[in-house]
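# Observations on the model geometry
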Amino acid sequence: MKKLVFSVALVALGAGCWWLTARTARFSIKKWDAKFGSVLRAGLSQIGVSDGDLLSSIHEIRKDPKGEWVVHRLSVARVSPDKQKILMKELEESGAEVKEEMRESVPTWVVKRGSRVYQEIQFAQP
């Protein structure tokens, strides 16, 4: 009888660990859009960007076979190149890959991790 109780407890423990691991992995993938959003907001505040400097802010939900995530498209005015470097460093330290592109002669950052794009930030000329 003791072996049966021990076996049932061991199976229940294994099932609980499997469930917890699967649930944690699913939410850890979704945490990147929230993490990069928090780093961006804190970084913009740190370099002195106010609400009046935000020209537009759009959130878009994207899906792929692995799940869904949020893409944040942001346009910011009046940010000097020195302050942009500080913000880029913060994003890269948080685990993002930041690539700078020119779109319609406006500098745009594409913030991604792996194949997923999490943010697109456009900087109007200071």
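Attention in this report is confined to the structure presented alongside it. All values derive from a computational prediction rather than experimental measurement.

## Topic: the environment of R116
- Residue placement: R116 occurs in strand β5 (residues 116-123).
- When the C-alpha atoms of R116 and D64 are compared, they prove to be 9.3 Å apart, with 52 residues separating the residues in sequence.
- For R116, the side chain forms a polar contact with the side chain of D64, separated by 2.9 Å.

## Some points on the pairing of strand β3 (residues 97-103)
- Where β3 meets strand β4 (residues 106-113), 7 bridges bridge the pair, whose relative direction is antiparallel. Bridge pairing in β4 links K99 to V110.
- In textbook terms, the turn of a hairpin is the stretch between consecutive antiparallel strands, and for β3 and β4 this stretch comprises 2 residues, one of which, E104, has a positive phi near 55 degrees.

## As for the pattern of salt bridges
- The full count for this structure, using the stated rule, is 8 salt bridges.
- Where E60 meets R62, a salt bridge forms, and the shortest distance between an N and an O atom there is 3.0 Å.
- Overall, E60 belongs to the partly exposed group, its relative accessible area being 29%.
- One network of salt bridges, with partners in common, ties together E60, R62, R73, K99, E101, R103 and E120.

Calculation notes
Residues numbered from 1 in each chain as written. Predicted model: local features only at pLDDT ≥ 70, side-chain atom pairs only at ≥ 80, totals over all residues. Heavy atoms only, no water. Helix = DSSP H or I, 4+ residues; strand = E, 2+ residues; numbered from the N terminus. Polar contact = N/O pair within 3.5 Å; in protein donor to acceptor, adjacent residues only side chain to side chain. Pairing = 2+ DSSP bridges. Salt bridge = Lys/Arg side-chain N within 4 Å of Asp/Glu carboxyl O. Buried < 20%, exposed > 50% of the residue type's maximum accessible area, 1.4 Å probe, protein only.

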